[in-house]
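Structure assessment
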Amino acid sequence: MAGRRALVTGGASGIGLAAVRRLLADGADVVSVDRCPPESGERACPYLTADVTVAADVTDAVHAAAALLGGPADLLVNAAGIYRIRPLLDLTPGEWDEMLAVNLRGTFLAGQAFAGGLVAAGQPGAIVNIGSTAALVADASEPTAHYNASKAGVVALTRQMAAEWAPYGIRANVVCPGVIDTPMLRLMDDPAAGQAYLETGVPLRRLGSAAEVAAVIVFLGSADASYLTAAVIPVDGGSTAI
Ligand SMILES: NC(=O)c1ccc[n+]([C@@H]2O[C@H](COP(=O)([O-])OP(=O)(O)OC[C@H]3O[C@@H](n4cnc5c(N)ncnc54)[C@H](O)[C@@H]3O)[C@@H](O)[C@H]2O)c1
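Residues numbered from 1 in each chain as written. Predicted model: local features only at pLDDT ≥ 70, side-chain atom pairs only at ≥ 80, totals over all residues.

**A short note on the pairing of strand E4 (residues 75–78)**
Defined as follows: Here a residue counts as buried when 20 or more other C-beta atoms fall within 10 Å of its C-beta, as exposed when 12 or fewer do, and as partly exposed in between; the C-beta atoms come from the backbone. Only DSSP runs of H or I reaching four residues or more are called helices, and only runs of E reaching two or more are called strands; each is numbered from the N terminus. For two strands to pair, DSSP has to find at least two bridges joining them. Call a crossover right-handed when, viewed with both strands pointing away from you, the route from the first strand across the helix to the second goes clockwise.
Along E4, one buried face is formed by Leu75 and Val77 and the opposite face, lined by Leu76 and Asn78, is buried too. Pairing between strand E1 (residues 5–9) and E4: four bridges, direction parallel. Note that in E4 the partner of Thr9 across the bridge is Asn78. Here E4 pairs with strand E5 (residues 125–130) via four bridges, running parallel. Following the sheet pairing, Leu76 is matched in E5 by Ile127. Between the parallel elements E4 and E5, the chain passes through helix H3 (residues 93–121) in a crossover that is right-handed.

**Observations regarding helix H6 (residues 210–221)**
Counted only if it meets this: Each helix should span, by expectation, one fewer than its residue count multiplied by 1.5 Å. To be clear, the arc concerns the directions from the helix axis to the C-beta atoms.
The first and last C-alpha atoms of H6 sit 16 Å apart over twelve residues, in line with the 16 Å expected at 1.5 Å per residue. For H6, every residue scored as buried is listed here: Ala210, Val213, Ala214, Ile217, Val218, Leu220 and Gly221. Projection of H6 onto a plane perpendicular to its axis shows the buried side chains occupying an angular sector of 155°, all on one side.

**Some thoughts on the nonpolar core**
Among soluble globular proteins, nonpolar side chains are generally buried collectively. Worth spelling out the cut-off: Each nonpolar core reported here comprises buried Ala, Val, Leu, Ile, Met, Phe, Trp, Tyr and Cys residues connected via C-beta atoms within 7 Å. We call two residues in contact if the C-beta atoms placed from their backbones are at most 7 Å apart.
Counting 63 residues, the largest nonpolar core has Leu7, Ala19 and Phe114 as its most contacted members. The leading source of residues in this core is H3, at nine residues. Setting aside its immediate chain neighbours within four residues, Leu7 contacts Val31, Val33, Val62, Ala65, Ala73, Leu76 and Phe114.

**As for the packing of helix H2 (residues 55–69) against H3**
Worth spelling out the cut-off: Helix axes are fitted only over the stretch in contact, all axes being lines through C-alpha atoms; the angle between N-to-C directions runs from 0 to 180 degrees. Roughly parallel here means an angle under 35 degrees, roughly antiparallel means over 145, roughly perpendicular means 65 to 115, and every remaining angle is called oblique. A crossing counts as left-handed when the near helix is turned anticlockwise from the far one by less than a right angle, and as right-handed when that turn is clockwise. Here the term charged refers only to Asp, Glu, Lys and Arg, the term nonpolar to Ala, Val, Leu, Ile, Met, Phe, Trp, Tyr, Cys and Pro, and the term polar to all other amino acids, Gly among them.
Contact pair H2 / H3: the axes reach a minimum separation of 9 Å and the direction vectors enclose 40°. By the angle between their directions, the pair H2 and H3 is classed as oblique. Seen from above, H2 lies across H3 with right-handed handedness. Contact residues: H2 offers Ala55, Val58, Thr59, Val62 and Ala66, while H3 offers Leu109, Ala110, Ala113, Phe114 and Gly117. Partitioned by chemical class, the residues of the contact of H2 with H3 number eight nonpolar, two polar and no charged.

**Let's talk about the site of the ligand**
Test applied: We count a residue as near a molecule or strand when its backbone-placed C-beta atom lies within 6 Å of that partner.
What surrounds the ligand is a group of 28 residues, the closest being Gly10, Gly14, Gly81, Thr182 and Met184. Those elements that provide at least two residues to the shell around the ligand are helix H1 (14–25) and H3. Looking at the shell around the ligand element by element, the count peaks at three residues for H1. Along the lines of polarity and charge, the residues of the shell around the ligand split into 16 nonpolar, nine polar and three charged.

**Points about the environment of Thr59**
Mapped onto the secondary structure, Thr59 falls in helix H2. Through-space distance from the C-alpha of Thr59 to that of Gly116 is 9.9 Å; in sequence the pair is 57 residues apart.

**Some points on the packing of H1 against H6**
Contact geometry for H1 and H6: axes closest at 8 Å, N-to-C directions at 60°. Between H1 and H6, the angle falls in the class oblique. H1 and H6 meet at a crossing whose hand is right-handed. Here Gly14, Ile15, Ala18, Ala19, Arg22 and Leu23 of H1 come into contact with H6, specifically with Ala210, Ala211, Val213, Ala214, Ala215, Ile217 and Val218. Split into classes, the residues belonging to the contact of H1 with H6 amount to eleven nonpolar, one polar and one charged.

**Describing the environment of Val235**
Within the secondary structure layout, Val235 lies in strand E9 (residues 232–235). Note: C-alpha distance between Val235 and Tyr83 (152 residues apart in sequence) is 18 Å. When near neighbours in sequence (up to four residues on either side) are disregarded, Val235 contacts Val175, Cys176, Pro177, Gly178, Gly208, Glu212, Val213 and Val216.

**Here's the deal with unusual backbone geometry**
Positive phi is not limited to glycine here, since Arg205 has a value of about 55°. Looking at where Arg205 falls in the secondary structure, it is placed in the loop between helix H5 (191–201) and strand E8 (208–209). A positive phi is found at Ala230, a non-glycine position, where the angle reads about 65°. Within the secondary structure layout, Ala230 lies in the loop between H6 and E9. For Ala230, a count of 16 C-beta atoms within 10 Å puts it in the partly exposed group.

Pasting the structure below:
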């Protein structure tokens, strides 16, 4: 990834932070964008504070990142996201709107600002959005309809980005993680149920790590994936197969 300029949303924690670390290790220049400071005070790369639901925040961050990187970013990783458990019958319109705003609107805003900069500069690039296996399968024991809908939206949005922006040399793919060991996962505070799920619902019978997702993200952003666009790639230990 030497010579590549990457912008990572949600880069302060979990999968986004792992992508930042892997991109840096592979030689890219990276700027992280998040609404919070980096986890454990880690300052792996320059970071910007922005709320991905706010259009002005996002465009400002994309411009500031270009200044820090010495040109428009040519890789965008959209990892900012939230997760909440709420049975459908209890779900409020406000909870629905908040979920869609962060996970789907945020991905749209960052993708549009990023692609706009590349098209204006006449440069190619790649987008890797983070969906979820929740976009692909339902689970009554994990009531997260608003999350699932937001991630299904990310899948559809990614395919449309790929279709509309291919003429500009911009590829767009979506990674759908399964159960990954990050601070977000630790919101699900039922270790016994979690272990039972791993044993019956995940062929590889363990959690994934953020680094394992980051490896796929970086591959999709790299020249090795030059003929891959509009792909939906589960990184889930096989959970969507059974
Ligand atoms: N951990 C899992 O098991 C798992 C599974 C499937 C998908 N995902 C997805 O992976 C992505 C990363 O999740 P994670 O597990 O690393 O979670 P995480 O909570 O560790 O990281 C999410 C990051 O997004 C940031 N963020 C949230 N709202 C934001 C906003 N409005 N503006 C800017 N930044 C914001 C947070 O501050 C945080 O740093 C998310 O999209 C999540 O839905 C995670």
